[in-house]
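Secondary and tertiary structure notes
Below are the chains, spelled out letter by letter.
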Amino acid sequence: MNNWHLLLRLQLQRNKWRYTIWLVALSVTSISVAAALYQLFPTMQERNGLVAALKNPAMIAMIGPSQGFEHYTSGAMFAHEMMLFTAIIYAICAILLTTNQTREEEEDGQLELLRARPIATSLPLIITLCQLTLFFILLAIITTLGLTFLHIPSMDVASNALYSFSLSGIGLLFTTLTTVIAQLVTTARGTVGSALALLGVMYVWRGITDISNEKLSIVSPLAWSYLTNSYVTNTWLPIVYLLICSSVFIGIAFWLNAKRDIGEGFIRPRTGHKNASYFLRQSLGWQLRLQYVAIISWGVAFLLLGASYGSVFNELDRFFEKNKLLQQMLATPSAEQLAYHFLAMIGAIMAILTTVAIIQLIFRLHKDEVTGRLDLWLSRPLSRMQLLGERLVISGGSGMIFLILTTTGLFLGSRNMANPMTFTTILKSQLIHLPAIICCVALATLLLGALPRFKSVIWYYLIIVFFIDYFGDLLQLPEWLRHISLFYYLPALPLEKMNWYPVSLLFFASVLLLLFAFLSYRRRDFA
Amino acid sequence: MPIIEIANLSKKFGSFTALHNVNLTVNQGEVVGFIGPNGAGKSTTIRILLGLLRPSSGSVRIFNKDAFTQAIPIHKKMAYVPGDVTLWPNLTGGQVIDILLQMNGPIPTQRRDELITLFQLDPTKKCQTYSKGNRQKIALIAALATEADLYIFDEPTSGLDPLMERVFQQCVKELQHHKKTILLSSHILSEVERLCDKIAIIKDGTIIETGSLQTMQHVTRALYTVDVQKPLDDLYQQAGVFDIQQDGLRYTFYVDNSAIPHVMTYLAMHHIVSITSMPLTLEDLFMAHYEKGGD
């Protein structure tokens, strides 16, 4: 056991950047959002306006309930809006870091090198748990201090500490849970997948119980984050649950670890089909098969986002009266006009997100190219044109489905409006952005075809466009700057009249870009 | 009839010259071994043959068609096994084999199943759980089950155990018997020696030697072991003698084939107890070439 400090040092050395980046990203997210929320909603009146928008089943299912609706202080607002979301991020962080140090190391054969040395079987696991426990404690301390230094009324040290330690408790819980899964499952991919699936189940369970029977939410460990009711009742008991549960997981992990052979697990990896189905044997079929998890995940996200934005419409009138900031963002104060203005704004945001989704699906082709997966495929009579063409059809088709899912979400979410919008109105507000979406996608395809090394340029462009479109009205950005966004050229339906001129221009540009994209993709060297 | 014709092929990546004036012809029914150290340009040449990379200059023709612009018709009659097989993690081995085979027309199910049994592959496992050797088997089964005229193997046995290596060699012999054309890049010299009619040696992006093993032996050297009664003090001064190792009264040294008559005359004048000569192995050939240019 006297090699433990060597191993700990080695692991810390190896992971220092990974830890630093997560540490900074997670603490800065909490601290900056707390500051931003306080600036956006400084008075009780404005925050009560927010409560009106957030206190509906759709929102509660998504971001969680709050005990502080009656007295919605800055702290209560912060914990309500951020706790569950941040807890999920902490859980994902814990799952990724833990898998990397357990199953992934084992899969890569690094563990075998270590085990060949005079160290105890359990030592690598102990080192992993020590590191991550230290990491989450440090993270909680930094977040507590950061939040306290903001000096926001209603956010005192004790509450900040409870908030930060609840999150770190969730981190620890998922760390220990992942170590258990890493003993059971034999691959790193499987470990991450199973852990994320459990996280999903916990999220959905608490979503359903929060709106039907709140008492049952406690069954989901993920709910223990917001059940501490930081800044409202400050209940420390759920932290005790988190610690007990983590200890149990640690015990199970060590027990299983001692019982199994290296490289083995208790659950044999699922085997699949011996042969490819008719569907999979089609070129379009296998391309779709490799993408469908990503497509479904994006689809669910768009439906949920649409529904949550949609539910905001129900409270729109009251919401606008009370929120000066949003009034400023939408300069036309009539009930229907306001709704339409908001719809146009959502349309622009969702259009950018759809673009991101489509491009992400297309760019996977480059990953397949760089990792060499395509070599074997392209040594067959499969042309690059067909490969890229089919990828565009799948990604573009998925993009259309995403727009329709967003529309469906918005439509279903906004049923309680005084004058509900029709499906067609909403659909038009989404589809009007299609020319800009296609143009951005064509640009991305050209990058993939001609300059794959510079393909991330499109992400920077989209980030800039997002800021310009999102804050354009709010910050009164100059006209020339707003013209950087391709989306700005299109009429904001249903607020403005249809204008075919920019639509046809963007389509024409897209066709040209795509033409060059295909020509260069066919001619260039494959990585 | 030439199947592969590479003429004055050069390939540059930026300012780096990966291939310089490569010439290689592979005729119908030939099994050509393609050997060279890492980074010599073997894989670059093969990737150009596959139409994945574009030649900077020179011409590359397969079945008398341009390898880059007419890749699709070429690939209909070609099969390939990469040295490092990477696959999508969430498909099974069996599914990958089927998808690859389907691209070349109807799946020869019987041949496929035979090969799966021969290589002892479990096709129901997901690709993420296969070892390097098993991933290689997948590529081999898909290639060998394909009814092609040209087979290109890029270090195909680097992850296989000796037993599977022998299965592979058996399959290549079978293809050879059916007058198929094969380009086999390899590090395993005994394998190339056993299977190939012709050898091309590539080094630093240039083919430094092509020809049959027999023709190459004429231009190179062989290893001699001689036991003598008295020390051979002036052996060092003889022309065409290299790498002399002395162990008591036993000498081991290389002799250039061109210098054999002269060295034999010299040895005959001394009291020789025994003399053995080793037939040239590809290994020696390989080494001889690297030593010559190894500055």
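What you see is a predicted model, and the numbers here were worked out from it, not measured in a lab.

Our focus in this paragraph is the overall build of chain B. Within chain B, the secondary structure is distributed over 10 helices and 14 strands. Relative to its 295 residues, chain B shows a buried fraction of 54%. By sequence separation, contacts in chain B at least 24 residues apart represent 67% of the contacts at least 6 residues apart. A total of about 12900 Å² of accessible surface is found on chain B, and carbon and sulfur atoms cover 51% of it. Computed over 27 positive and 30 negative side-chain charges, the inter-centroid distance for chain B is 8 Å.

How large an interface is tends to be reported as the accessible area lost when its parts come together. Its domain assignment divides chain B into domain 1 (2-216) and domain 2 (221-279). Its C-alpha centre places domain 1 of chain B at a distance of 42 Å from the equivalent point of domain 2 of chain B.

The next subject is the nonpolar core. Trp286(A), Trp377(A), Ile4(B), Ile62(B), Phe119(B), Phe153(B) and Leu183(B) are the most contacted members of the largest nonpolar core, which totals 123 residues. With nine residues, the top contributor of residues to this core is helix α19 (residues 434-450) of chain A. Setting aside its immediate chain neighbours within four residues, Phe153(B) contacts Ile46(B), Val81(B), Leu140(B), Leu144(B), Phe168(B), Val172(B), Leu175(B), Ile182(B), Leu183(B), Leu184(B) and Ser185(B). Leu84(A), Phe136(A), Ile181(A) and Ala195(A) belong to the second-largest nonpolar core, a separate cluster that totals 61 residues.

With that settled, consider the interface of chain B and chain A. Between chain B and chain A, the residue contacts involve 46 residues of the former and 37 residues of the latter. For the pairing of chain B and chain A, the buried interface totals around 3900 Å² over both sides, and the portion due to carbon and sulfur atoms is 58%. On inspection of chain B and its partner chain A, the count reaches two salt bridges. Ionic pairing is found between Asp525(A) and Lys11(B), a salt bridge with its closest N-O pair at 2.5 Å. Applying the counting criterion to the chain B and chain A interface returns 25 residue pairs in polar contact (both at pLDDT 80 or more). Mapped onto the side of chain B that touches chain A, the elements with two or more residues apiece are β1 (2-13), α2 (71-75), β6 (78-81), α3 (93-103), α4 (109-118) and α5 (132-144) of chain B. The leading source of residues in the side of chain B that touches chain A is α3(B), at nine residues. Across the side of chain B that touches chain A, the residue classes tally to 24 nonpolar, 13 polar and nine charged.

A few words on the state of the cysteines. Residues and elements named next belong to chain B. Applying the stated criterion across every chain, the model contains zero disulfides over all chains. In this model cysteine 196 remains outside any disulfide bridge; the closest cysteine sulfur is found in cysteine 171, 15 Å from its own. Look at cysteine 196 and you get buried, because its relative accessible area is 13%.

Now for the pattern of salt bridges. Tallied over the full model, the rule gives 16 salt bridges over all chains. Salt bridges linked by common partners bring Arg103(A), Glu106(A) and Arg260(A) together as one network.

Turning our attention to the packing of helix α8 (residues 157-184) of chain A against helix α9 (residues 188-212) of chain A. Residue and element names in this part refer to chain A. At a minimum axis separation of 9 Å, α8 and α9 run at an interaxial angle of 130°. Taken together, the axes of α8 and α9 are oblique relative to one another. Seen from above, α8 lies across α9 with right-handed handedness. Contact with α8, carried on its side by Phe174, Leu177, Thr178, Ile181 and Ala182, involves Thr191, Ser194, Ala195, Leu198, Leu199 and Met202 of α9 and no other residues of that element. For the contact of α8 with α9, the class distribution of residues is eight nonpolar, three polar and no charged.

Our next topic: the pairing of strand β13 (residues 250-256) of chain B. Residues and elements named next belong to chain B. Bridge count for strand β11 (residues 221-228) against β13 is seven bridges, and the pairing is antiparallel. Looking at β13, one finds that valine 226 is bridged to tyrosine 251. Bridge count between strand β12 (residues 241-247) and β13: five bridges; the pairing is antiparallel. Each bridged residue has a counterpart across the sheet, and for phenylalanine 242 the counterpart in β13 is tyrosine 254.

Moving on: the environment of Thr422(A). Residue and element names in this part refer to chain A. Structurally, the position occupied by threonine 422 is in the loop between α17 (384-413) and α18 (423-431). According to the relative accessible area criterion, threonine 422 is partly exposed, its value standing at 43%. Here the alpha-carbon distance between threonine 422 and phenylalanine 411, two residues 11 residues apart in the chain, equals 7.4 Å. A polar atom in the side chain of threonine 422 sits 2.5 Å from the side chain of threonine 425.

The next thing to look at is a nonpolar patch on the surface. Residues and elements named next belong to chain A. On the surface, Leu237, Val240, Ile244, Val248, Ile252 and Trp255 cluster together into a nonpolar patch covering about 560 Å² of accessible area. Within the secondary structure layout, leucine 237 lies in helix α10 (residues 237-259). Residue leucine 237 is classed as partly exposed on the basis of its relative accessible area, which comes to 44%.

Our focus in this paragraph is α10(A). In an α-helix, one turn spans 3.6 residues; hence positions three or four apart end up facing the same way. All names here are of chain A. Spanning 23 residues, α10 covers 34 Å between terminal C-alpha atoms, matching the ideal 33 Å at 1.5 Å per step. For α10, the full list of buried residues reads Pro238, Ile239, Leu242, Cys245, Ser246, Phe249, Ala253, Leu256 and Asn257. Those residues of α10 that are buried lie in contact with α6 (110-115), α7 (123-149) and α8.

Moving on, we get to the confidence of the model for chain B. When pLDDT is averaged along chain B, the result is 88; 93% of the residues meet or exceed 70. Our summary of model confidence lists the complex with pTM equal to 0.78 and ipTM equal to 0.82.

This part is about the packing of aromatic side chains. Any pair of aromatic rings gets described here by the distance separating the centres and the angle formed by the planes. Residue and element names in this part refer to chain A. Under the counting rule described, the total for this entry stands at 21 aromatic pairs over all chains. Relative to phenylalanine 135, the ring of tyrosine 19 lies with its centre 5.2 Å away and its plane at 35°, an arrangement referred to as tilted. Taken as a pair, tyrosine 19 in helix α1 (residues 4-40) and phenylalanine 135 in helix α7 lie far apart in primary sequence, 116 residues in all. Both residues of the pair, tyrosine 19 and phenylalanine 135, belong to the buried class. Judged by centre distance (6.2 Å) and plane angle (65°), the ring pair of phenylalanine 78 and tyrosine 231 falls under edge-to-face. Here phenylalanine 78, found in helix α4 (residues 74-101), pairs with tyrosine 231, found in the loop between α9 and α10; they are 153 residues apart in sequence, far enough to count as distant. An identical accessibility class is assigned to phenylalanine 78 and tyrosine 231; each is buried. Joined through ring pairs, the aromatic side chains of Tyr19, Tyr90, Phe135 and Phe136 make up one cluster. The lysine or arginine in question, arginine 415, covers the ring of phenylalanine 411, its NZ or CZ lying 3.8 Å from the ring centre.

The rules behind each value
Residues numbered from 1 in each chain as written. Chains lettered and ligands numbered in written order. Predicted model: local features only at pLDDT ≥ 70, side-chain atom pairs only at ≥ 80, totals over all residues. Heavy atoms only, no water. Helix = DSSP H or I, 4+ residues; strand = E, 2+ residues; numbered from the N terminus. Buried < 20%, exposed > 50% of the residue type's maximum accessible area, 1.4 Å probe, protein only. Contact = heavy atoms within 4.5 Å. Areas by Shrake-Rupley, 256 points an atom, 1.4 Å probe, with all protein chains shown as cover. Lys, Arg positive; Asp, Glu negative; His and termini not counted. Charge placed at Lys NZ, Arg CZ, Asp CG, Glu CD. Domains from an automatic or database assignment. Core = buried A, V, L, I, M, F, W, Y, C linked by side-chain atoms within 4.5 Å. Buried area = accessible area lost by both parts, 1.4 Å probe. Salt bridge = Lys/Arg side-chain N within 4 Å of Asp/Glu carboxyl O. Polar contact = N/O pair within 3.5 Å; in protein donor to acceptor, adjacent residues only side chain to side chain. Nonpolar A, V, L, I, M, F, W, Y, C, P; charged D, E, K, R; others polar. Disulfide = S-S within 2.5 Å. Axes fitted to C-alpha atoms, helices over the stretch in contact; angles between N-to-C directions. Parallel < 35°, antiparallel > 145°, perpendicular 65-115°, else oblique. Left-handed = near helix turned anticlockwise from the far one by under 90°. Pairing = 2+ DSSP bridges. Patch = residues over 30% accessible without salt bridge, like charges linked within 9 Å, V, L, I, M, F, W, Y side chains within 5 Å. Expected span 1.5 Å × (residues − 1). pLDDT = per-residue confidence, 0-100. Phe/Tyr/Trp six-rings, centres within 6.5 Å; stacked < 30°, edge-to-face > 60°. Lys NZ or Arg CZ within 6 Å of the ring centre and 35° of its normal.

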